[in-house]
Every structure is written in structure tokens, then in C-alpha cells.
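Observations on chain architecture
Next come the chains, spelled out residue by residue.
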Amino acid sequence: MVTLADIRDYIAGLGIVKNEHCYIGKLDTKHEESIGCYHLRRSGTPHTALGGESNRTFDVLPVSFLIHWNRNAAQTDQKANELYRIIQDLKNVTVNNKQIKFCIMQVPYPQDVGTDETGIFEMVIEAEFYCGKAEKEEE
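Everything in this summary refers to the structure shown in the same document. The written sequence of each chain sets the order in which its residues are numbered from 1. At least 70 in pLDDT is required for a residue's local features to be given in this predicted model, at least 80 for side-chain atom pairs to be given and counted, and no such filter applies to totals for whole chains, interfaces and linings, which use all residues. Note that the side-chain values use all heavy atoms of the structure and ignore hydrogens as well as water.

By definition, any uninterrupted DSSP run of H or I lasting at least four residues is a helix, any uninterrupted run of E lasting at least two residues is a strand, and each is numbered from the N terminus. Within the protein chain one finds 3 helices and 7 strands. Seen in sequence order, the protein chain has helices and strands lined up from the N terminus as α-β-β-β-α-β-β-β-β-α. The globule rule puts the C-alpha radius of gyration for 139 residues at 14 Å, and the 16 Å found for the protein chain is close to it. Dimensions of the protein chain along its principal axes, counting C-alpha atoms only, are 50 × 30 × 30 Å. Exposed residues in this analysis have more than 50% of their type's maximum accessible area, buried residues have under 20%, and partly exposed residues fall in between, with area computed by a 1.4 Å probe over protein chains only. Looking at the protein chain residue by residue over its 139 residues, the buried ones come to 42%. Within the protein chain, contacts between residues at least 6 apart in sequence are counted, and of these 67% link residues at least 24 apart. Throughout, the Shrake-Rupley method with a 1.4 Å probe supplies accessible areas, and for residues the shown protein chains are the sole cover considered. With the model as given, the accessible surface of the protein chain reaches about 8100 Å², and the carbon-plus-sulfur share is 49%. Charged residues are defined narrowly, with Lys and Arg counted positive, Asp and Glu counted negative, and His plus the chain ends left uncounted. Charge positions are represented by NZ for Lys, CZ for Arg, CG for Asp and CD for Glu. The distance from the centre of the 15 positive side-chain charges to the centre of the 21 negative ones in the protein chain is 1 Å. Throughout, the radius of gyration refers to the C-alpha atoms, and the reference size of a globule is 2.2 Å times the residue count to the power 0.38. For this analysis, residues touch if any pair of their heavy atoms sits within 4.5 Å.

Next up, the structure:
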């Protein structure tokens, strides 16, 4: 099963941000030009395969990305759109020996959420990652 840490590793490996500026969970100090990866909180039922769990061939991992960039709105928008296009076009990627088949974007474009308390512009991207079922689960 692909985890949020795997998604973080994939995003860090894209070269958009320094590895140490890509994180999951809350950091007490957010560096400029950083991207946070979070579980996307949604209500609703879990995805269940017809015929039950033994027929499931994939997992879905909903993720929210916080692009915490700098004090320039245009540069923040550019980086957020760069990440959006990469995620939107993702197909059959392997990260940490786990397969991400594709993504379905949950917003039509990066969402502007204004600035934080220090004036850093932030944008949010929401996506669902469709991932191959782990081999040990298939037995």
C-alpha cells in the first residue's frame, strides 16, 4: 500500500523543492519554498471492490498538498501550477517499490489560500492517487 511518506518521497524527488523542504505532518517552522503533503480529509465510505476485499486490485490515497512558497504571488502560482501539471499527468510511476497508476485531480487548478502569518503565499492542490495493491495483500 502506498503511504503518505511514499508520496512525499515522490514529490521530493521531482526537484521542485529541496528534499528537506518537502514534508508530511506539521512542522513548527515552515521554510520558504516548501511543500507539505497531508491526508485529504473527506467524509464518505471507503472504496470497496465488487465481490469484497479479495477482489480489490488497487488502493486510493487522497492527498492535499500545501505549496508554501514566498512573498511573490506570481512565483507561488507558477510553482503550484508546475506541481499540478506533473501530478495531473502522472501515470505508472514506481516509488519505494510501490506503483502509483494514475491521479485524479480533485480541484480544477491550484487553490489560492492567501498568505500565512508571515506573508508567505500559499496554494493548495488536492488529488487522489490510484495505487497498485501490494503483492503480499494479493495472496
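Let us now look at the environment of Asn97. Looking at where Asn97 falls in the secondary structure, it is placed in the loop between strand E4 (91-95) and strand E5 (98-105). Sequence separation of Asn97 and Val2 is 95 residues, and the distance between their C-alpha atoms is 9.4 Å.

When the centres of two rings from Phe, Tyr and Trp lie within 6.5 Å, Trp using its six-membered ring, the rings pair. Their planes under 30 degrees apart give stacked, over 60 give edge-to-face, and anything left gives tilted. Tallying each qualifying case throughout the model produces 4 aromatic pairs. Measuring from ring centre to ring centre gives 5.7 Å for Phe58 and Tyr130, while their planes differ by 40°; the resulting arrangement is tilted. Within this pair, whereas Phe58 is found in strand E3 (residues 58-68), its partner Tyr130 is found in strand E7 (residues 121-132), the two being separated by 72 residues in sequence. On the accessibility criterion, Tyr130 (11% relative accessible area) is buried. With 6.0 Å between their ring centres and 70° between their planes, Phe65 and Phe129 make a pair best called edge-to-face. Taken together, the residues span a long stretch of sequence, with Phe65 in strand E3 and Phe129 in strand E7 at a distance of 64 residues. Relative accessible area serves as the criterion here: at 0%, Phe65 is assigned to the buried category. Clustering of aromatic rings is evident, with ring pairs tying together Phe58, Phe102 and Tyr130.

Right, let's talk about the pairing of strand E6 (residues 111-115) for a bit. Two strands are said to pair when DSSP picks up at least two bridges between them. In the sheet, E6 pairs with E7 via 3 bridges, with the strands oriented antiparallel. Within E7, the residue paired with Gln111 across the bridge is Val124. Hairpin connection from E6 to E7: 5 residues lie between these consecutive antiparallel strands, with Gly119 at a positive phi of about 90°.

Right, let's talk about the pattern of salt bridges for a bit. Opposite charge on two side chains allows them to pair when their charged atoms are near. Think of a salt bridge as a Lys or Arg side-chain nitrogen and an Asp or Glu carboxyl oxygen that are within 4 Å of each other. The final tally for this structure, using the stated rule, is 4 salt bridges. The partner of Arg8 in a salt bridge is Asp9, and the shortest N-O contact between them spans 3.0 Å. When its relative accessible area of 14% is taken as the criterion, Arg8 is described as buried. Lys79 is the partner of Glu82 in a salt bridge, and the nearest nitrogen-oxygen pair spans 3.2 Å. In this pair, Glu82 and Lys79 are both assigned in helix H2 (residues 73-88), 3 residues apart and thus about one turn of the helix distant.

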